[in-house]
Amino acid sequence: VDGSNIYISDQNNHRVLKWPEGASQGVVVAGGNGSGSALKQLNYPRDVAVDSSGNFYVADIDNQRIMKWVPGATEGISIITGIYAYGIHVDGSGNIYVSDHNRHRVYMYTLSGGSYTQSLIAGDSGGSSGSALNQLKYPTGIHVDSSENVYIADNGNHRVVKWEKGSSSYSSE
């Protein structure tokens, strides 16, 4: 959601739609050019997040990348690669949180000096799945609240896990 707009990843049609408030149909703002890996294409976009400047970020799962689209652009910028992202969230500082479904982890990416630095937020550092509170199993959705606590839909364990900012502890909600 961006003000009065809602962004929807139309996964099977390889596109992202923006629905302005009161509109009877959405407008294609990313992809829509068939499935593929070109910068104007998406391949099963899974999730969308919008930052305070109106840029939107797409978890493009089958291309294993995060794409950034500025408002009005006809193609995106591949900013993070090699990740099977099912969920994405951008906080007020521009940090990008990503749930890596196949590696059973959640990462935070911070922009520094023109490139993104990756930090492990949740999940086993070895990448193994499990049901302990320091492990995840096929995480999907992700949300960061105003206190920067991270909520993870831990799909394989049928639970929501909360990671509190500044601690190394998790809790199951």
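What counts, and at which threshold
Residues numbered from 1 in each chain as written. Predicted model: local features only at pLDDT ≥ 70, side-chain atom pairs only at ≥ 80, totals over all residues. Heavy atoms only, no water. Helix = DSSP H or I, 4+ residues; strand = E, 2+ residues; numbered from the N terminus. Buried < 20%, exposed > 50% of the residue type's maximum accessible area, 1.4 Å probe, protein only. Pairing = 2+ DSSP bridges. Axes fitted to C-alpha atoms, helices over the stretch in contact; angles between N-to-C directions. Polar contact = N/O pair within 3.5 Å; in protein donor to acceptor, adjacent residues only side chain to side chain.

1. Section: unusual backbone geometry
Line of reasoning, step 1. If you check the backbone angles, His104 has positive phi at about 60 degrees while not being a glycine.
Line of reasoning, step 2. Structurally, His104 is set in the loop between strand 9 (96-100) and strand 10 (105-112).
Line of reasoning, step 3. Judged by its relative accessible area of 7%, His104 falls in the buried class.
Line of reasoning, step 4. You will see that Glu148, though not glycine, has its phi angle at about 70 degrees, which is positive.

2. Looking at the sheet that holds strand 2 (residues 15-20)
Line of reasoning, step 1. Read from one edge of the open sheet, three strands run 1-2-3, paired in antiparallel fashion. Taken across any chain shown, the strands that pair with only one partner, and hence form the sheet edges, are strand 1 (5-10) and strand 3 (27-31). Strand-to-strand, the axes of this sheet are offset by a mean angle of 25 degrees, without reference to chain direction.
Line of reasoning, step 2. One ladder, built from four bridges, connects strand 2 with strand 3; its direction is antiparallel.

3. Some remarks on the side chain of Asp91
Line of reasoning, step 1. In this fold, Asp91 is placed in the loop between strand 8 (85-90) and strand 9.
Line of reasoning, step 2. A polar side-chain atom of Asp91 sits 2.9 Å from the main-chain amide nitrogen of Asn95.
Line of reasoning, step 3. Looking at Asp91, its side chain comes within polar contact range of the side chain of Tyr97, at 3.4 Å.

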